[in-house]
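Spelled out, the chains give:
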Amino acid sequence: MTAELKRKRGESSTSRKLRKVSPAVNEDPTPFVVSEAESDAENDGGVGLDEEEWQGVAQEEHSSVKKSTKPTGEEIRAIKDASNLFRSSTFKLQIDALLPNVQPKSKRKPPLERFLLSLHTHLSRLPDIPAKHPLEAARGLLKNGVSVPYSAPLPTEDTQWKVAFSKPSDITLVGSWANKTSVKGHDGTTYGVDLAVEMPSSIFQEKDYLNGRFFHKKAFYLATIAAAIANPKSGLNVNVSYLSTNDDPRLTKLVLEPKLDGSQTDFTKLNARVYIIPTLSPQSPLSLHRLSPAHANIRVASEGDSDDSSKLPSPLYNTALLTSLTPKSYLLSIHAIQQNVPAFNDALSLIRVWANQRGYGESGAGGVSVRGFDSKGPWWTALLVLLILGEEPTSAGKGLGKAKRKPLGRGLSSYQLFRAVLDFLAKHDFENEATFVKADEGHRYTPDEYQSNHEVVFVESSSTVNLLAGVPLGSMKLLSGDAQKTLEILNSSTNGSVTVDPFPEVFLQDHRDLQTRFDAVVHVDLSTVKSRKPNIHLTLDSGSASNAVLNSLSSMLCQGLGNRIKSLAILHPSSSPRLLSQAHPSTSHTIHIGLVYNTEHAFRQVDHGPPATETDTTVIERFRDFWGDKAELRRFKDGSIVESVVWDVQTIDEKAHVPTRILKHILQRHFNISGEAVHTWQTSFDGLVRLPESVSRYYVGSGLSMGTKGALGAFDGLVKAIKALSNDENLLPLSVMNISAASDSLRYTSVFSPVPLPSSIASVLPSNARYVYPIDFVIEFEKSASWPDDLKAIQKVKLAFLERIAMGLMKNDPALKAGVVVGNGLADSDILDVARLEVVNAEGWAFSGRVWHDREATLLDRIINNTSGLPHVAAKKSKEARQGKEYHDAIRARESYTRLFVHSPQHHRAIAKLCHQFPAFAGSVRLAKRWFASHWLLRGHISEEVIELLCAQFFVSDGWDVEVDDERDALNRTAVPGSKERGFASLIRFLKEWKWENGLFVPLYGSSALVSKQPKAVTAASTGVWRVQTRMDEEGAIWTMHGPDAVVARRVQALAQATWKCLQDMETSGKGSVMSIFDHPTEDYNVVIKLNPTVIPRYHQNVVLDESNLSKYHKNDANSLARPGFDLLNICTRICRCHTYQDTFRIFHDYFGGDRFGIVWDPSLKEPRPFRVIGAFSFCSSAESREPESATKKGKDKDMVVLNDQGVLGEIERLGRGIVSGIIVQI
Amino acid sequence: MSPPTINGFTEIPISYTSSSTHYIYARAHTSSTKAPTNSWPSGRTMFLVNVPPDATERDLILLFKPYGTVEKVTFDSGSTLDDSNADEESEYEGDEEIDEPQDAEAEPEDQPRKRRKPPKVFPLPFPSLRTLRKTGQLAHVVFLDSSSLDRFFSASHTKPRPWSLSPEEPSGLAHYTALYDSLRPPLDAVRQHANTAMDLYEFELAKSKRQSKYKKGEAIVDEDGFTLVTRGGAYGQTVGGGVSVATKKFQETGETSERNKKRPVKEKTSFYAFQKAEKQRNDLLQLKKNWELDKAKVEKLKASRKFKPY
């Protein structure tokens, strides 16, 4: 006994030991048991095997088998780091996968190194050129086809100083290549290898900082090198060209591109260019204290100007000069930081990739980038340096008193550094706060000097250069907004039950498209630009006339638009290399101006200026001068008399145009850019959701209250009238509890602004423009036990109730017409809710109401779940019951009940709220619906509600409905579209890329919404593939139950792709018509059936309207009067789709007055199949189409049938007699 | 030449227009075992397949007129899902015609049919309208005498016959307009219809109550003096007058309340050192496993060249 006990303990102890030594994996203890038995056997033999040794063997075996599952300490550390220091371990792995793709490949580097070596020897052997007069020197070089890029003010014949060349005092590889921080650019732009060629101090004099003399000398120096390299005798087989950063001739550098010759020094495969940048040695005689931003260094007395102008500071000029000093100092300081911060390079790559994806960098051919970010490599680096080193405390400046930024830890991961940069960009107030990177010895010039002369200030530690000189403030604000957007994405990792991986959004997607980025994109042709007050000094300071114009344009527009916009960015193609024979950069004539609205203020109609009582007359002068004839003195309600600018607005559409109107006004007034040169697409988009003029003109003078407002008013009246009825006990036995609207006409999202159809107008309108859309609502009576407990009887009671209401309404208001609709035209089951109350009020508004009785749901569920009302009777789940007609009817009825009475009103309320909160939402939805309709998908395949949900995703974020403090609010709204065009473009972009298998969660109902704990209803199998979830609809299928199916969903994607391309083309070319994206391609349909437009009741809503069809049949056709909701085409197609030809073909048509519809046969029906009695399609014997050889196999083929497509078309023609005007068989 | 047949069906070509031909397949009706009624006398009934969706009784009568007088045409649904009735009130109207006792026994729950003098339901005014059925539907045509059937099958059906629509029912545009209007009947008709329909319902309800053993609100005491106790249901479906004694849960699942249940003894998970160690180890393994999973996922993305930003 004891022995046994001991043995047991021994056993367990060994096994425990075993586990300790080999922390093995297997939860299943069998291996140990087996080995135990083995060792026992051996022990019995008295061999006395060393346990340790044996285990060693076992362990070895073990590790060889399960090596991968046993983490080593190092691995664990790596894994832990990945999840702690990065967003998630997946994120870290993704970053690791991304980085090699954006960095130059090291195996391609040797040719470049060999090339640089030979270049170095070549440059150091260049012969000196004695001092010459600049123009004479230039003439000498021009003979070799090289012109000298002298900058303005150009040297003249009587200049006293001379230009010279002597070999460079130093040649260094600088910049990102030297620091190994190169990041691939967009559109296949190349890596830049910066080669700093230090000009010897001997060729400069102390006064060279004045009037561009330094730049002239530099230009000559560069041209000489260019000529030497371009010379075929140099042996350097490269293309040489000039490149001016930001099109500023002062910042010209040489670009060397390899010629593809397969030689030792051919580095074509590296995809890199060598830039030769002439630099100034720190020991040069130029005095640095003259170069502070506040110094005036251009002293050209222009004609007519007073002495003052020569004293104006020249900050950009000074910065350009100082830039020549920086490359080497950057190199050293960055290198020092790289040594201390291991993640520096990776973080920088992440930032650059992020920025490139958003257009803050060089763009390739045809692309545009945000102005000011050309060659801003040093800035991105300095941004990181700022965070690592911290901020220099400045005593002056407007940001006084605010705690300065503390340095970050050096051991942070690349992701953490990246986030820190985004955080800085998102939160920093570039407008008011200057930033100085912490420098050991402090900064040379005072902050004031920077701040009073630059829009944005960011000074690096190793130099005195403002890295953001010349960058428009609007660009910085845009950057700030982008950073906020990205942070939001990174912060909200999970959205409901759908997990979203933020990585692609942050790093992999191209966000440079203009339409989804800006609320308004204005295409401006600058060829006629002429400043009203040309400023020579500004031109000289900016380096070129076009830069001067763009700079002043940007600041003028910002001033004019004020707080209407969050940011304004000028976008244009980045500078490109030019031939050596071309001295000055040519600038493109077209620019894009992107506006991001601040929706709170953007559409304000009045701008207030200084009050009339202002004593300083210059203030009023300035205001009047700025606005021109738009400025006027007005007296306002509060009694103040103020200079103001008023923008008259006639319609809602025009209100949305106020910002672009201001922009146009300023361009016209200050830059002589006429209206034709400025192009926006807004008006053409507006026209898509408006009734044609020939119809709307009848309404304009009628004095009717129209639009959603009018509809809401009419609806309120109806609600009151119905509620009043329930006071009369004799009329209605139950009182009306609730009347809830569920119609897009009452939530601003109907494509056409809802209009009534009073008889006065109906009689003058052509018969195919007399459509009036009934507004749906739901009537809920008080709960009562006297309802019958039978589904069929409930439907009858509904009829009775509706009849009473109709009678009552008509009695109280004789002008009102009310009726009861007893069916929907399709033969349906008698438990489906079809009874409707149809009301047309005196003004011509049409309504259609249903009765909601919640007992129906219970009764239907009983049928579906096959339970009786008595729970103690055990439910029998028989298969047969599930197949009966009753069961299927119940499923359909339950589904329609859930949609009509539960989700529809809820959805209506949420969307209506959204429309109030976000002014651009309704417009986006209307455009989107129009788009879907014009591509023959709306209603038939895609419900209006799901479009509303899809659009809502761009506006709502978690907790949007909760009241939050202003700051948070502002943060929330950065990504929210401010115009309907942007909302629409965002949707198209989304549809283009959406993987619908993954679903989508839209936090439409806010976090505060009460989730109804409804028992999940059994629903019919959904044919739709889209899943759009909300808090109320966890399945995400309520609005996509009947489509789009996979085929249609793929078609939507293809259409979105085409539309997106079209939008892009329109934007870049400035040409093209909006109509082209609403023009539906019909070649994919098997059959297109043309209809007679004169009989379609809503033909006036057609996208491509033929007005002549409207004028026809203008006579008073009483027959088609007053048929609210009589939508012929929709009735026909619904019958075909849902019923008659359900399994034969798919039908597509434009819900809004389409005059054609398309048919796609079910392809499987074309295949011969065995004869079946229940075919569910019109067939004919396949022998009909028999081919000669098949005649022999007749016995086999005889019983096969195929679709009789001609027969079906014949039927369609007959069914549509009077409507169908032609059938075109295409495939 | 015998008419082309397929699977025993005779093919009847019908030309719609000059270019399109429709085919109806016909066979003599044979009473199968499943045949629910004797309304289709074998011998003079013809079974049609693939009838045009908009065909009406009159259309078919016109079509078969040359072979004999048609007594009756019945359309069947092609699928289980489909409708069986032309207009939704047909079941009330139809009730009058079908002989009662048989029907009521066949499907006692489906429709309340046991009645002595049921109130007549006032039908909604429906003009004669074409009913668009599902395409490829079935129909039974009953001839007056069996010779017509023979005549039909012996005739040649190679030449397409034109499909003539009976002029009574509107088609095309006029059909849709008429349909729209017919769905909006005069209000007094609606009222009358609803009232009579409700009367019928009340009548059925009263009748079923009468037949039921239990009367609402009355306790049922059997001869031994025991009172029947049932659960009270909601609304009007309660039978008998007892009170509920058992929970719903018990009745549905047979489980008693949770109070008496013994909670399973919780095992201590991190009590012994080895448990802790094991836990730690498993955690690490899990960590590693997740890491490998992530890695595999990213590798997969990498393979699809996902990580080339531009």
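Residues numbered from 1 in each chain as written. Chains lettered and ligands numbered in written order. Predicted model: local features only at pLDDT ≥ 70, side-chain atom pairs only at ≥ 80, totals over all residues. Heavy atoms only, no water.

As named in an unreviewed UniProt entry, chain B is Ribosomal RNA-processing protein 7-domain-containing protein, taken from Rhodocollybia butyracea. Here is the UniProt Sequence similarities (unreviewed entry) comment for chain B, exactly as written: "Belongs to the RRP7 family." (UniProt positions renumbered as here; feature names shortened; annotations may be inferred.)

Where an unreviewed UniProt entry is consulted, chain A appears under the name U3 small nucleolar RNA-associated protein 22, with the organism given as Rhodocollybia butyracea. Per UniProt, chain A has the following entry under Sequence similarities (unreviewed entry): "Belongs to the NRAP family."

Colleague: How do you make sense of the overall build of chain A when you look at a structure like this?
Modeller: Helix and strand counts for chain A come out as 40 helices and 33 strands. In chain A, buried positions account for 56% of the 1227 residues. Put simply, chain A shows about 52100 Å² of open surface, and 52% of that area lies on carbon and sulfur atoms. (Helix = DSSP H or I, 4+ residues; strand = E, 2+ residues; numbered from the N terminus. Buried < 20%, exposed > 50% of the residue type's maximum accessible area, 1.4 Å probe, protein only. Areas by Shrake-Rupley, 256 points an atom, 1.4 Å probe, with all protein chains shown as cover.)

Colleague: When you look at the packing of helix α5 (residues 89-102) of chain A against helix α13 (residues 344-357) of chain A in this model, what are you seeing that I'm missing?
Modeller: What describes two packed helices is the angle between their axes and the distance between those same axes. Residues and elements named next belong to chain A. At a closest axis distance of 10 Å, the pairing of α5 and α13 adopts a crossing angle of 75°. As far as their axial angle goes, α13 and α5 are roughly perpendicular. Contacts from I95, L98, L99 and V102 of α5 reach α13 at D346, S349, L350 and V353. When the residues that make up the contact of α5 with α13 are grouped by side-chain class, the tally is 6 nonpolar, 1 polar and 1 charged. (Axes fitted to C-alpha atoms, helices over the stretch in contact; angles between N-to-C directions. Parallel < 35°, antiparallel > 145°, perpendicular 65-115°, else oblique. Contact = heavy atoms within 4.5 Å. Nonpolar A, V, L, I, M, F, W, Y, C, P; charged D, E, K, R; others polar.)

Colleague: Explanation requested: the sheet that holds strand β21 (residues 775-781) of chain A in the structure shown.
Modeller: Within a sheet, neighbouring strands are paired by backbone hydrogen bonds and run either parallel or antiparallel to one another. All names here are of chain A. Read across the open sheet, the 5 strands follow the order β20-β21-β24-β23-β22; overall the sheet is mixed. This sheet does not close on itself; its edge strands, each paired only once, are β20 (736-741) and β22 (817-821). Sheet twist, expressed as the mean angle between neighbouring strand axes with direction ignored, is 25°. Here 6 bridges tie β21 to strand β24 (residues 846-852), and the two strands are oriented parallel to one another. For I775, the partnering residue across the bridge sits in β24 and is F847. Across the sheet, helix α30 (residues 885-917) touches β20, β21 and β24, and the angle it forms with β24 is around 120°. (Pairing = 2+ DSSP bridges.)

Colleague: Can you walk me through a nonpolar patch on the surface in this structure?
Modeller: Together, B:F271, B:Y272 and B:F274 make up an exposed nonpolar region whose accessible area comes to about 340 Å². Note that B:Y272 resides in the loop between α7 (248-253) and α8 (273-303). (Patch = residues over 30% accessible without salt bridge, like charges linked within 9 Å, V, L, I, M, F, W, Y side chains within 5 Å. Salt bridge = Lys/Arg side-chain N within 4 Å of Asp/Glu carboxyl O.)

Colleague: Looking at this structure, how should I read unusual backbone geometry?
Modeller: Residues other than glycine predominantly adopt negative phi, and peptide bonds predominantly adopt the trans conformation. All names here are of chain A. Of note, K180 is a non-glycine position whose phi angle comes to about 55°, a positive value. Tracing the backbone through its elements, the reader meets K180 in the loop between α8 (175-178) and β4 (191-199). Relative accessible area serves as the criterion here: at 59%, K180 is assigned to the exposed category.

Colleague: Just checking my understanding: could you explain the UniProt feature "domain: Nrap protein" (unreviewed entry) in chain A for this structure?
Modeller: Mapped onto the present numbering, the UniProt feature "domain: Nrap protein" (unreviewed entry) falls at residues 193-339, 343-509, 515-672, 707-916, 918-1079 and 1082-1223 of chain A. For the annotated span residues 515-672 of chain A, helix accounts for 34% and strand for 25% of the residues, and the straight-line distance between the end C-alpha atoms is 26 Å.

Colleague: I keep staring at a positive patch on the surface and nothing clicks. Help me out?
Modeller: A cluster of basic residues, A:K105, A:K107, A:R108, A:K269, B:R305 and B:K308, forms a positive patch on the protein surface. You can see A:R108 is positioned in the loop between α5 and α6 (109-124). Residue class for A:R108 comes out partly exposed when judged on its relative accessible area of 30%. (Lys, Arg positive; Asp, Glu negative; His and termini not counted. Charge placed at Lys NZ, Arg CZ, Asp CG, Glu CD.)

Colleague: I'm lost on the interface of chain B and chain A in this one. Help?
Modeller: Where the parts come together, the accessible area they lose is often given as the size of the interface. Every contact between the two is made by 87 residues of chain B and, on the other side, 111 residues of chain A. Summing both sides of the interface, chain B and chain A together bury roughly 8600 Å²; the carbon and sulfur share of this comes to 62%. Applying the counting criterion to the chain B and chain A interface returns 4 salt bridges. In this structure, B:K288 engages A:E75 in a salt bridge whose closest nitrogen and oxygen atoms are separated by 3.0 Å. It is α8(B) that provides the largest number of residues to the side of chain B that touches chain A, a total of 14 residues. The class makeup of the residues in the side of chain B that touches chain A is 40 nonpolar, 22 polar and 25 charged. (Buried area = accessible area lost by both parts, 1.4 Å probe.)

Colleague: Would you take a moment to explain the confidence of the model for chain B for this structure?
Modeller: Residues and elements named next belong to chain B. For chain B, per-residue confidence averages 71 on the pLDDT scale, and 67% of positions sit at 70 or higher. Element-level pLDDT for chain B is lowest in helix α2 (residues 90-97), with a mean of 35, against a maximum mean of 87 in α8. Overall, residues 232-244 carries pLDDT values under 50, and its contacts beyond four positions in sequence, including any with other chains, amount to 32 contacts. Across the assembled chains, the prediction reports ipTM 0.74 with pTM 0.85. (pLDDT = per-residue confidence, 0-100.)

Colleague: Help me understand the pattern of salt bridges, please; the structure alone is not making it clear to me.
Modeller: Pairing between side chains becomes possible if they bear opposite charge and their charged atoms approach one another. Residue and element names in this part refer to chain A. Enumeration over the complete set of coordinates arrives at 48 salt bridges over all chains. With a shortest N-O distance of 3.0 Å, D96 and K92 are connected by a salt bridge. Note that D96 and K92 are positioned in helix α5 at a spacing of 4 residues, about one turn of the helix. Of the charged contacts in the structure, one is a salt bridge between D833 and K798, with a shortest N-O distance of 2.5 Å. Here D833, found in the loop between β22 and β23 (836-840), pairs with K798, found in helix α28 (residues 791-812); they are 35 residues apart in sequence, far enough to count as distant. For K798, a relative accessible area of 0% translates into the label buried. Bridged by salt links that share partners, the residues D744, R747, K929, R939, E944, E945 and E948 form one connected network.

Colleague: What exactly am I supposed to notice about the sheet that holds strand β29 (residues 1156-1161) of chain A here?
Modeller: All names here are of chain A. Judged by pairing direction, the sheet is antiparallel, and its 4 strands sit side by side in the order β28-β29-β27-β33 without closing on themselves. Of all the strands in the sheet, the pair left with one neighbour each is β28 (1145-1149) and β33 (1220-1225). Recorded for the sheet is a direction-independent mean angle of 20° between the axes of neighbouring strands. Here β28 pairs with β29 via 5 bridges, running antiparallel.

Colleague: What is the right way to look at the nonpolar core in this model?
Modeller: Soluble, globular proteins show a tendency: their nonpolar side chains are buried together. All names here are of chain A. In this structure, F685, F921, F932, L991, W1026 and F1078 are the most contacted members of the largest nonpolar core, which totals 122 residues. By residue number, the principal contributor to this core is helix α31 (residues 919-934), which donates 9 residues. With residues up to four places along the chain from it excluded, the contact list for L991 reads W931, F932, L950, W1026, V1052, Q1053 and A1056. With 74 residues, the next largest nonpolar core counts A97, F418, F507 and L571 among its residues. (Core = buried A, V, L, I, M, F, W, Y, C linked by side-chain atoms within 4.5 Å.)

Colleague: Just to check I follow, could you spell out the confidence of the model for chain A for this structure?
Modeller: Should pLDDT be low for a region, the predicted coordinates there are not to be read in detail. With 85% of its residues at a pLDDT of 70 or more, chain A shows a mean pLDDT of 80. Every residue in residues 396-401 of chain A scores below 50 in pLDDT, and together they form 9 contacts with partners more than four places removed in sequence or on other chains.

Colleague: I would appreciate a short explanation of the pairing of strand β32 (residues 1200-1203) of chain A in the present structure.
Modeller: Along any regular strand the residues' side chains alternate between the sheet's two faces. Relative to β32(A), strand β30 (residues 1169-1170) of chain A runs antiparallel, the two being bridged by 2 bridges. The partner of A:P1170 across the bridge, within β32(A), is A:M1200.

Colleague: Help me understand empty space enclosed by the protein, please; the structure alone is not making it clear to me.
Modeller: Take a probe with the size of a water molecule and roll it over the atoms, and the empty space left behind shows itself. Residue and element names in this part refer to chain A. Inspection of the entire model under this criterion finds 17 cavities of 30 Å³ or more. Estimated volume of the largest cavity: approximately 300 Å³. Along the walls of the largest cavity sit 26 residues, with F752, P754, Y773, R1098 and Q1101 positioned nearest its centre. In terms of residue class, the lining of the largest cavity is made up of 17 nonpolar, 5 polar and 4 charged. Around the second largest cavity sit 16 residues that line it, and V521, W681, F685, E981 and E1067 are the ones nearest its centre. Among the elements of the structure, β13 (520-525), α24 (682-688), α34 (980-993) and α35 (1046-1069) are those that each provide at least two residues to the lining of the second largest cavity. Element by element, the count of residues in the lining of the second largest cavity is highest for α34, at 4 residues. A class-by-class count of the residues in the lining of the second largest cavity yields 9 nonpolar, 3 polar and 4 charged. (1 Å grid on protein atoms, 1.4 Å probe; cavity = no way out; pocket = protein on both sides within 12 Å on 5 of 7 lines; lining within 4 Å. Points joined across faces, edges and corners; volume = space filled by probe spheres on them.)

Colleague: I keep staring at the packing of aromatic side chains and nothing clicks. Help me out?
Modeller: All names here are of chain A. Within this structure, the stated rule accounts for 58 aromatic pairs over all chains. Both rings, one in W354 and one in F418, keep their centres 6.5 Å apart while their planes meet at 75°; by these two values the pair is edge-to-face. Of this pair, W354 sits in helix α13 while F418 sits in helix α15 (residues 414-427), placing them 64 residues apart in sequence. A single burial state applies to W354 and to F418, both of which are buried. Between the aromatic rings of Y1151 and F1152, the centroid separation amounts to 4.9 Å while the plane-to-plane angle is 75°, which identifies the pairing as edge-to-face. In this structure F1152 comes out as buried when scored by relative accessible area, which is 5%. Of the aromatic side chains, those joined through ring pairs into one cluster are Y360, F373, W379, W380, F424, F430 and F458. One cation-aromatic arrangement involves R697 over Y698; the distance from NZ or CZ to the ring centre is 5.2 Å. In this arrangement the basic side chain of R1098 is found over the ring face of Y1151, its NZ or CZ atom lying 4.5 Å from the centre. (Phe/Tyr/Trp six-rings, centres within 6.5 Å; stacked < 30°, edge-to-face > 60°. Lys NZ or Arg CZ within 6 Å of the ring centre and 35° of its normal.)

Colleague: Help me understand the environment of A:L1110 in this model?
Modeller: Residues and elements named next belong to chain A. Looking at where L1110 falls in the secondary structure, it is placed in helix α36 (residues 1107-1111). Of the residues examined, L1110 reaches a relative accessible area of 2% and is grouped as buried. Between the C-alpha atom of L1110 and that of L1165, which follows or precedes it by 55 residues, the distance is 40 Å. Setting aside chain neighbours within four positions, we find L1110 in contact with P692, S694, V695, P766, N768, A769, Y1099, H1100 and L1105.

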